[in-house]
Amino acid sequence: KNIGFIGGKAISSSETEQRYLAYLDFCKETNNPSSISYSEFKHGEELMISKRFLDKYTNLDGIFCSSDLLTNACYIKLNANGKSVPEDVKLIGYDGALNELVPEPIFTVVKQRVDIIAKELVRVLLDKINGQEVDELECVSSEFVIGETA
């Protein structure tokens, strides 16, 4: 299977970079050819970036997108190219917030647990405001949500 990755390069080291590096590890472990779009771009350019990616890699069986907006942009461009999701191309995104805003399709995503992350951030902020030392941050696991796109 030919699985591609599309993501935006962050200015500093971030979880976005970790998603990209995990994809590279997957390619090495499975001898999967890497089909990558990983570059700096501005929000609002997702459709343009997705078009370039899909024009370059026309034989993908699946795509992992590093954000909801890129997932939606790839979905739009795949449909415009006559490809059916998930029959022709499986599509998996990261974050899951868009599923709360857009009724169709329900994207298959690695969902961030925003509720738990927010509580942890408030706890750390309050500790800092009160002059307390901050404990190690709690690592919040993500959740794989199977939707209609994979």
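Going along each chain's sequence as written, the residues are numbered from 1 onward. Confidence filtering applies because this is a predicted model: local features only for residues at pLDDT of at least 70, side-chain atom pairs given and counted only at 80 or more, and all residues used for totals across whole chains, interfaces and linings. Hydrogens and waters are ignored; side-chain quantities use all the structure's heavy atoms.

(A) Molecular detail of a nonpolar patch on the surface. Patch building starts from residues that exceed 30% relative accessible area and form no salt bridge, then joins like charges within 9 Å and nonpolar side chains (Val, Leu, Ile, Met, Phe, Trp, Tyr) within 5 Å. Exposure was quantified through the Shrake-Rupley algorithm and a 1.4 Å probe, taking into account, for residues, occlusion by the shown protein chains and nothing else. Basic side-chain nitrogens of Lys or Arg form a salt bridge, by our definition, when they fall within 4 Å of a carboxyl oxygen of Asp or Glu. Together, Val122, Leu125, Leu126 and Ile129 make up a nonpolar patch on the protein surface, roughly 390 Å² of accessible area in all. Throughout, exposure labels follow a simple rule: accessible area from a 1.4 Å probe, protein chains only, divided by the maximum for the residue type, with under 20% read as buried, over 50% as exposed, and the rest as partly exposed. Of the residues examined, Val122 reaches a relative accessible area of 46% and is grouped as partly exposed.

(B) Seen up close, the sheet that holds strand S1 (residues 3-8). For two strands to count as paired, DSSP must find a minimum of two bridges between them. For the purposes of this entry, the term helix denotes a DSSP run of H or I that reaches at least four residues, the term strand denotes a run of E that reaches at least two, and both are numbered from the N terminus. Pairing is mixed across the open sheet formed by six strands, whose spatial order is S2-S1-S3-S4-S5-S6. In the strand order of this sheet, the two ends are held by strand S2 (35-39) and strand S6 (143-145), each with one partner. For this sheet the average axis-to-axis angle between neighbouring strands, irrespective of direction, equals 15°. Relative to S2, S1 runs parallel, the two being bridged by five bridges. Each bridged residue has a counterpart across the sheet, and for Ile6 the counterpart in S2 is Ser37. Note on geometry: axes are lines fitted to C-alpha atoms, helical ones only across the stretch in contact, with angles between N-to-C directions running from 0 to 180 degrees.

(C) Summary view of the packing of helix H2 (residues 46-56) against helix H3 (residues 68-80). Running from amino to carboxyl end, H2 crosses H3 at an angle of 55°, the nearest separation of the two axes being 8 Å. On the basis of the axis angle, H2 is oblique to H3. In this structure, H2 meets H3 at a crossing whose hand is right-handed. Mapping the contact onto sequence places Glu46, Leu47, Ile49, Ser50, Lys51 and Leu54 in H2 and Leu69, Leu70, Ala73, Cys74, Ile76, Lys77 and Leu78 in H3. Gly is placed with the polar residues, together with every amino acid not listed as nonpolar (Ala, Val, Leu, Ile, Met, Phe, Trp, Tyr, Cys and Pro) or charged (Asp, Glu, Lys and Arg). Broken down by class, the residue content of the contact of H2 with H3 amounts to nine nonpolar, one polar and three charged. Working rule for angles: under 35 degrees goes down as roughly parallel, over 145 as roughly antiparallel, 65 to 115 as roughly perpendicular, anything else as oblique. Should the near helix be turned counterclockwise from the far one by less than a right angle, the crossing is left-handed, whereas a clockwise turn marks it as right-handed. Should any heavy atoms of two residues lie within 4.5 Å, those residues are counted as being in contact.

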